Amino acid sequence: AMLIYTFASTYYLIRTVNVGTPFKDSLTKEQKLIKKKSANKRRNIFRNGLLLGILYIYITRPFKLCNN
């Protein structure tokens, strides 16, 4: 599943390089500020999730039996 997701993400990035950003270009300065604040908040939440996931994997070691 992760290989398929990686392939789809790479394909998306390659295909959308020249598409442009018509929605982003239409935003006012105030709307861009709101978007930036929201993006920062969501980025921090995602980073916290990554850290919690790493910590959980480190503590519980769910794949320990796979080494045998």
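See the structure above.
Now for a look at the structure at hand. No experiment lies behind these values; they were computed from the predicted model shown.

Quick notes on the packing of aromatic side chains
Tallying each qualifying case throughout the model produces one aromatic pair. Pairing Phe 7 with Tyr 11 gives two aromatic rings, centres 6.5 Å apart and planes at 15°, and the pair type is stacked. Taken as a pair, Phe 7 and Tyr 11 lie in helix α1 (residues 2-15) at a separation of four residues, close to a single helical turn. Above the face of the Tyr 58 ring, Arg 61 is positioned so that its terminal group lies 4.7 Å from the ring centre.

Some words on the environment of Tyr 58
Checked against the element boundaries, Tyr 58 lands in helix α3 (residues 29-60). Placed 43 residues apart in sequence, Tyr 58 and Arg 15 show a C-alpha to C-alpha distance of 37 Å.

Cut-off values and rules
- All residue numbers here refer to positions counted from 1 along the written sequence of the relevant chain.
- Reporting in this predicted model follows two pLDDT cut-offs: at least 70 for local features of residues, and 80 or more for side-chain atom pairs to be given and counted; totals over whole chains, interfaces and linings ignore these cut-offs and use all residues.
- Water and hydrogen atoms play no part in the side-chain values, which are based on all heavy atoms of the structure.
- Between rings of Phe, Tyr and Trp, where Trp is taken as its six-membered ring, a pair exists when centres lie within 6.5 Å; planes separated by under 30 degrees are stacked, by over 60 edge-to-face, and by other angles tilted.
- Secondary structure elements follow DSSP: runs of H or I no shorter than four residues count as helices, runs of E no shorter than two count as strands, and numbering proceeds from the N terminus.
- Charge-over-ring placement is defined geometrically: NZ (Lys) or CZ (Arg) within 6 Å of the ring centre, and within 35 degrees of the ring normal.

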